[in-house]
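An overview of the molecular structure
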Amino acid sequence: MSQPISAAPQEKRLLDQYRDALRIKHYSPRTEGTYIQWVRNYILFHNKRHPKEMGIPEIGQYLTHLATNQQVAASTQNQAFSAILFLYRHILNIQLDELQLAELRPQRAKTVPIVLSKDEVKRLIANLTGTNKLIAQVMYGGGLRVMECMRLRVKDIDFENHQVIVRDGKGENDRFTILPDSLISPLQLHLRYVKSLHEKDLADGHGSVYLPNALERKYKNADKDWIWQYLFPAAEISTDKRTGIIRRHHIHETIVQRSIKEAARRADINKHVTPHTLRHSFATHLLQNGYDIRTIQELLGHKDVKTTMIYTHVLQRGGLAVKSPLDS
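Model, not experiment: these values are computed from the prediction.

So, about the overall build of the protein chain. Broken down by element type, the protein chain carries 14 helices and five strands. Taking all 328 residues of the protein chain together, the buried fraction comes to 42%. For the protein chain, the proportion of contacts with a sequence separation of at least 24, taken over those separated by at least 6, is 58%. Carbon together with sulfur atoms contributes 51% to the accessible area of the protein chain, which is approximately 19700 Å² in total.

This part covers the packing of aromatic side chains. Inspection of every chain in the model, using the stated rule, returns five aromatic pairs. Arranged with centres 5.5 Å apart and planes meeting at 85 degrees, the rings of Tyr18 and Phe86 form a pair that is edge-to-face. Here Phe86 lies in helix α4 (residues 74-91) and Tyr18 lies in helix α1 (residues 14-24), a separation of 68 residues in the sequence. Of the residues examined, Phe86 reaches a relative accessible area of 4% and is grouped as buried. Clustering of aromatic rings is evident, with ring pairs tying together Tyr18, Tyr27, Tyr35 and Phe86.

Secondary-structure assignment places Val209 in the loop between α9 (184-203) and α10 (215-218). In this structure Val209 comes out as buried when scored by relative accessible area, which is 0%. Sequence-wise, Val209 and Arg248 are 39 residues apart; in three dimensions their C-alpha atoms are separated by 5.9 Å. With residues near it in sequence (within four places) discarded, Val209 still touches Arg153, Asp223, Trp228, Gln229, Tyr230, Arg247 and Arg248.

Below, the discussion takes up helix α6 (residues 118-126). All buried positions along α6 are accounted for by Glu120, Val121, Leu124 and Ile125. Projected down its long axis, α6 shows its buried positions confined to an angular sector of 130 degrees, all on one face. Facing away from the buried side of α6, by more than 90 degrees, are the exposed residues Lys122 and Ala126. Close packing links the buried residues of α6 with α7 (130-142), α11 (253-266) and α12 (275-288).

Next up on the list: the sheet that holds strand β2 (residues 163-166). The antiparallel open sheet is built from three strands, whose spatial order is β1-β2-β3. The strands lining the two open edges of the sheet, one partner per strand, are β1 (157-158) and β3 (175-178). By the bridge criterion, four bridges tie β2 to β3 in an arrangement that is antiparallel. By the bridge assignment, Val166 is partnered in β3 with Arg175.

A separate point is the nonpolar core. Ranked by size, the top nonpolar core spans 39 residues in total, and within it Leu124, Met139, Cys149 and Leu187 carry the most contacts. When contributions to this core are tallied by element, the ones reaching two or more residues are α6, α7, α8 (146-150), β2, α9 and α11. Excluding anything up to four places from it in sequence, Leu124 contacts Leu116, Ile260, Ala263, Ala264, Ala267, Ile269, Val273 and Leu278. Of all hydrophobic cores here, the second largest spans 29 residues; its members include Leu14, Ile36, Phe81 and Leu96.

Assignment of secondary structure puts His190 in helix α9. In this structure His190 comes out as buried when scored by relative accessible area, which is 10%. Of note is the side chain of His190, whose polar atom sits 2.7 Å from the backbone oxygen of Leu231. Not counting the four nearest positions on each side in its chain, His190 is found in contact with Thr131, Leu134, Leu231 and Phe232.

Contact geometry for α7 and α11: axes closest at 10 Å, N-to-C directions at 90 degrees. Taken together, the axes of α7 and α11 lie roughly perpendicular to each other. Residues Asn132, Ile135 and Met139 of α7 lie in contact with α11, whose contacting residues are Ile255, Val256, Ser259 and Ile260.

This paragraph deals with the side chain of Arg153. Looking at the element boundaries, Arg153 is found in the loop between α8 and β1. Nearest to the buried, unbridged Arg153 among oppositely charged side chains is Asp156, at 5.6 Å. Of note is the side chain of Arg153, whose polar atom sits 2.7 Å from the backbone oxygen of Tyr210. Engagement of the side chain of Arg153 in a polar contact is seen with the backbone oxygen of Trp228, the distance being 3.0 Å. Once you skip the residues sitting within four places of it in the chain, Arg153 turns out to touch Val209, Tyr210, Leu211, Pro212, Ile227, Trp228, Gln229, Tyr230 and Leu231.

Moving on, we come to the pattern of salt bridges. Enumeration over the complete set of coordinates arrives at 18 salt bridges. One salt bridge in this structure joins Arg145 and Glu148, with 2.6 Å as the shortest N-O distance. Glu148 matches Arg145 in its accessibility class, with the two residues each being buried. A salt bridge links Asp240 to Arg247, with the nearest nitrogen and oxygen atoms 2.8 Å apart. Exposure remark for Arg247: the relative accessible area of 5% places this residue in the buried category. Via salt bridges that share partners, Asp16, Arg19, Arg23 and Glu32 belong to a single interconnected network.

How each quantity is defined
- Residues numbered from 1 in each chain as written.
- Predicted model: local features only at pLDDT ≥ 70, side-chain atom pairs only at ≥ 80, totals over all residues.
- Heavy atoms only, no water.
- Helix = DSSP H or I, 4+ residues; strand = E, 2+ residues; numbered from the N terminus.
- Buried < 20%, exposed > 50% of the residue type's maximum accessible area, 1.4 Å probe, protein only.
- Contact = heavy atoms within 4.5 Å.
- Areas by Shrake-Rupley, 256 points an atom, 1.4 Å probe, with all protein chains shown as cover.
- Phe/Tyr/Trp six-rings, centres within 6.5 Å; stacked < 30°, edge-to-face > 60°.
- Arc of directions from axis to C-beta.
- Pairing = 2+ DSSP bridges.
- Core = buried A, V, L, I, M, F, W, Y, C linked by side-chain atoms within 4.5 Å.
- Polar contact = N/O pair within 3.5 Å; in protein donor to acceptor, adjacent residues only side chain to side chain.
- Axes fitted to C-alpha atoms, helices over the stretch in contact; angles between N-to-C directions.
- Parallel < 35°, antiparallel > 145°, perpendicular 65-115°, else oblique.
- Lys, Arg positive; Asp, Glu negative; His and termini not counted.
- Salt bridge = Lys/Arg side-chain N within 4 Å of Asp/Glu carboxyl O.

Worth remembering: the numbers are spatial, not functional.
Structure, rendered in structure tokens:
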């Protein structure tokens, strides 16, 4: 009697393949969600045509639609462009003409960063309290991006060498930056609280934390190890959307963003202040204090010194150091 022929395994849907590829390349959950949404919108814009039937003209039409109809910023266009290119290069294995692609890439306008004076930084921090104040001090004290600060683990604070280790920063690179002397005692006190919270979670049958790049399989029970816990844990435990595991994640960055915005209002700082303003201010104040541009580049984690050079504008008086005739 012949055996029944088993059905061939069904091929995954395009967006599922896309998600898998992003995870293989260790893209963050945030980027994963954003990229998938861009690709979905690209397909819907072209009336659900399959991307392999489209190419550079259709990509151009979609980017034009984003700029003219939705009036998005060049940085948002570039994000959509990157998401679509990832689809063609890594899922469809279609090589698009690089010269034509270069013509499509939106050009970002040159902008100068918003920087606080040293007095404004003091006033801002004075109007923060508790954990939000400590987070702001760490960001300004070491020039961290907000998500770099949120993702810090206990093991990333090196008290002995007075440094913070930023893991998997922008561009998936690690770097060292400054741990200010003035933050050592406050952080040690904060860690005592974090440890008591972790011990309570363990006693309640929880205590797990997300580990990157399959480390959870490599190091058994490391997800409950003290050194892997987030430096700034969330107030409540939550369910991991990918795995369904109940964990304590880090504080959500919107909490920090709101607290800094409100602190700037109370401090009567008439500038658009965000967490990233503290990073800009860190670099600017180091330059004003006489530190060289290469050192600041390393601390910020910039690949190209040209990116760091934008902070040199503050060493000039307005109008490229030209004195106004009104002052004469």
